[in-house]
Amino acid sequence: SAVISQKPSRDICQRGTSLTIQCQVDSQVTMMFWYRQQPGQSLTLIATANQGSEATYESGFVIDKFPISRPNLTFSTLTVSNMSPEDSSIYLCSVLAGGDYEQYFGPGTRLTVT
Amino acid sequence: AQRVTQPEKLLSVFKGAPVELKCNYSYSGSPELFWYVQYSRQRLQLLLRHISRESIKGFTADLNKGETSFHLKKPFAQEEDSAMYYCALPLYGNNRLAFGKGNQVVVIP
């Protein structure tokens, strides 16, 4: 298993600004993922954070809007850039631990954009 | 494309009654399927995966390839089963997962 923390736990931001969310894991993990969970919706995978190289984005998500860093095997950041109210969501970090596809999730960051 | 469908958004059951959450999938090949659960004020966590064939907290799920389903069942619901349940399957490559829309389960005392 893995223990994952996220900062901040919640924030209220103004339109047009950017917010960086941090994800810290208590052990080294090979794969980290970022998800978005919009109100009343399921989890949508934004990207896979790759250590030492650029993140791999899913269809509909671009690096300019959601730049991701992964400087080492225990830490990653997701930035939500030039925010609009449509970006109001819970953002979740997860890591691959245990068996294939078995993911452990962070507590999430609740973002509200006004 | 890989896809998971959970048709019912909200399911209310009385304590002691059976509960069944439906999950249908679209996948080319033999998928590995998962159920994740999120209790109130807790983080999302793995409940069970079909490959392990375990019963977790009284829940079981059987993969039916003919019907492309992976329904979650429990014969006697408990109040602590009230939670949000998500069915998930892999996206091709790199251990990524796609989640269904989720089922909100409310167990009535």
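Scope of this entry: the structure provided in the associated data block. Nothing here was measured: the structure is a model prediction, and the numbers come from that model.

All right, on to the overall build of chain A then. Across its full length, chain A carries 0 helices and 11 strands. Each helix (α) and strand (β) of chain A, taken in turn from the N terminus, gives the series β-β-β-β-β-β-β-β-β-β-β. Taking 114 residues into account, the globule formula puts the C-alpha radius of gyration at 13 Å, and chain A, at 13 Å, falls close to it. Taken across its 114 residues, chain A has 53% of its residues classed as buried. In chain A, the proportion of contacts linking residues at least 24 apart, taken out of those at least 6 apart, comes to 53%. Surface accessibility of chain A: about 5,300 Å² in total, with carbon and sulfur atoms responsible for 47%.

Before going further, it helps to examine the pattern of salt bridges. In the structure shown here, the tally under the stated rule is 8 salt bridges over all chains. Across the salt bridge formed by Glu102 of chain A and Arg49 of chain B, the nearest N and O atoms sit 2.9 Å from each other. Taken as a pair, Glu102 of chain A in the loop between strand 9 (89-96) and strand 10 (103-105) and Arg49 of chain B in strand 6 (residues 45-49) lie in two separate chains rather than in one. An identical accessibility class is assigned to Glu102 of chain A and Arg49 of chain B; each is buried. Where salt bridges share partners, they join Glu102 of chain A together with Glu32 and Arg49 of chain B into one cluster.

Our next topic: the state of the cysteines. Each disulfide is one covalent bond, formed between the sulfur atoms of two cysteines. Residues and elements named next belong to chain A. In this structure the tally under the stated criterion is 2 disulfides over all chains. Cys23 shares a disulfide with Cys93; S-S distance 1.9 Å. What sets the handedness of the Cys23 and Cys93 disulfide is the S-S torsion sign, and at about -60 degrees it is left-handed. In this pair, Cys23 is assigned in strand 3 (residues 19-25) and Cys93 in strand 9, connecting sequence segments 70 residues apart. Since its relative accessible area comes to 0%, Cys93 is described here as buried.

Before going further, it helps to spend a moment on the pairing of strand 9 of chain A. All names here are of chain A. When you tally the buried positions in strand 9, you get 8 out of 8 residues, the bulk of the element. One ladder, built from 6 bridges, connects strand 4 (residues 32-37) with strand 9; its direction is antiparallel. Paired with Tyr35 across the two strands is Leu92, which belongs to strand 9. Pairing geometry for strand 9 and strand 11 (residues 109-113), over 3 bridges, is antiparallel. Across the sheet, the residue bridging to Tyr91 is Thr109, located in strand 11. As judged from the 3 bridges shared by strand 9 and strand 10, these two strands associate in the antiparallel manner.

Every contact between the two is made by 21 residues of chain A and, on the other side, 19 residues of chain B. Of the roughly 1,800 Å² buried between chain A and chain B on both sides combined, carbon and sulfur atoms contribute 50%. Taken as a group, Ser42, Tyr101 and Phe105 of chain A account for 35% of the area that chain A buries against chain B, more than any other trio of residues on that side. Linking chain A with chain B are 2 salt bridges, by the criterion used here.

If you look at the biggest cluster of nonpolar residues, it comprises 44 residues, and the most contacted ones within it are Tyr35 of chain A together with Trp35, Tyr36, Leu72, Tyr85 and Phe99 of chain B. In terms of residue count, the dominant contributor to this core is strand 9 (residues 83-90) of chain B (7 residues). With residues up to four places along the chain from it excluded, the contact list for Leu72 of chain B reads Val19, Glu20, Leu21, Trp35, Leu47, Leu48, Phe59, Thr60, Ala61 and Tyr85 of chain B. Membership of the second largest hydrophobic core comes to 27 residues, among which are Ala2, Val25, Val29 and Leu78 of chain A.

Conventions we followed
- Residues numbered from 1 in each chain as written.
- Chains lettered and ligands numbered in written order.
- Predicted model: local features only at pLDDT ≥ 70, side-chain atom pairs only at ≥ 80, totals over all residues.
- Heavy atoms only, no water.
- Helix = DSSP H or I, 4+ residues; strand = E, 2+ residues; numbered from the N terminus.
- Rg over C-alpha atoms; globule rule 2.2 N^0.38 Å.
- Buried < 20%, exposed > 50% of the residue type's maximum accessible area, 1.4 Å probe, protein only.
- Contact = heavy atoms within 4.5 Å.
- Areas by Shrake-Rupley, 256 points an atom, 1.4 Å probe, with all protein chains shown as cover.
- Salt bridge = Lys/Arg side-chain N within 4 Å of Asp/Glu carboxyl O.
- Disulfide = S-S within 2.5 Å.
- Pairing = 2+ DSSP bridges.
- Buried area = accessible area lost by both parts, 1.4 Å probe.
- Core = buried A, V, L, I, M, F, W, Y, C linked by side-chain atoms within 4.5 Å.

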